[in-house]
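A closer look at the structure
Single-letter residue listing:
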Amino acid sequence: MAAPSAAPVRRPRADAVRNRERVLEAAKAVFSAGGPDASLEAVARRAGVGIGTLYRHFPTREALFEAVYRREVQQLGELAEQLKNEASPVDALRRWLRSNVEFVATKKGMSAALELAVHGSSELYAHTFERLTKAVGALLDRAVAAGEIRSDISPEDLLRALVGMCYMHDQPGWQNSVVRLLDVFVDGLRVQASVERPTRLTLRGRDATATKKGPRRQRSPKSRT
């Protein structure tokens, strides 16, 4: 007697997939603007779905926060792959770091729930760190190989610098300030073409270049008349 075949795995319906994406996009906007106290009802209204639909996909607020967080990380990984083929090495690195500012803004808006989710799940933290480090590492390696970025900086250094810039700013409009600082930061990492400059030598506290012209001619007392 033939063994019964395994039941086929049911794929989510197209409308269910669309609803889930709409909820995630709405949650990102609502939670970023309103913080962890923003209601799930507000998310459902923004997504244009019923609250029951939201709960079918995400039974708790923490589950929704974690899903938004994972989605953002995935999109940043995909962006890194896209930029490797579409932008120059330095521009790719710059654009990816700028996109992270929006990601951090979402994290700051959801900080309370994310703290619980991350500390309660070492897998989530490991997944996030590994994915982001891999993404920025690929862009950094490409820029270093092209001779455009200095080689003594690591992907972890870049992420730490980015996070530090974002969390030092809390005033309205902080994202614009961070983007400006990121541009300065990336420019500082660029390999500058060596330019020969005259060496300034000092002789008894005086600029040696002045001595090359010889001693200054002293005016005689008679010439002062």
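Here the structure is a predicted model, which means the values were calculated and not measured. (Residues numbered from 1 in each chain as written. Predicted model: local features only at pLDDT ≥ 70, side-chain atom pairs only at ≥ 80, totals over all residues. Heavy atoms only, no water.)

**Overview of the overall build of the protein chain**
Secondary structure assignment for the protein chain yields 10 helices and 2 strands. Ordered by position from the N terminus, the helices and strands of the protein chain form the series α-α-α-α-α-α-α-α-α-β-β-α. When burial is assessed residue by residue, the protein chain has 34% of its 225 residues classed as buried. The long-range share in the protein chain, meaning contacts at least 24 apart out of those at least 6 apart in sequence, stands at 68%. (Helix = DSSP H or I, 4+ residues; strand = E, 2+ residues; numbered from the N terminus. Buried < 20%, exposed > 50% of the residue type's maximum accessible area, 1.4 Å probe, protein only. Contact = heavy atoms within 4.5 Å.)

**Remarks on the side chain of Arg 94**
As for its placement among the helices and strands, Arg 94 is situated in helix 5 (residues 89-109). Among residues more than four places away in sequence, those in contact with Arg 94 are Asp 183, Val 186, Asp 187 and Arg 190.

**A look at the confidence of the model for the protein chain**
Predicted confidence across the protein chain gives a mean pLDDT of 77, with 71% of residues reaching 70 or more. Per-element confidence in the protein chain ranges from a low mean pLDDT of 38 for strand 1 (residues 202-203) to a high of 93 for helix 3 (residues 51-57). Across residues 193-217, confidence stays below pLDDT 50; counting only partners more than four residues off in sequence or on other chains, it has 6 contacts. (pLDDT = per-residue confidence, 0-100.)

**Focus on the packing of aromatic side chains**
Under the criterion given, the structure shown has 1 aromatic pair. Taking the centre distance of 5.6 Å and the plane angle of 35° together, the rings of Tyr 69 and Phe 103 count as tilted. Pair noted here: Tyr 69 is in helix 4 (residues 61-86) and Phe 103 is in helix 5, with a separation of 34 residues, a long-range link. Accessibility expressed as a relative area gives 6% for Tyr 69, which makes it buried. (Phe/Tyr/Trp six-rings, centres within 6.5 Å; stacked < 30°, edge-to-face > 60°.)

**Remarks on the environment of Thr 60**
Its location among the elements puts Thr 60 in the loop between helix 3 and helix 4. Take Thr 60: its relative accessible area is 37%, and that puts it in the partly exposed class. Residues Thr 60 and Leu 40 lie 20 residues apart in sequence; the distance between their C-alpha atoms is 9.1 Å. A distance of 3.0 Å separates a polar atom in the side chain of Thr 60 from the backbone nitrogen of Ala 63. (Polar contact = N/O pair within 3.5 Å; in protein donor to acceptor, adjacent residues only side chain to side chain.)

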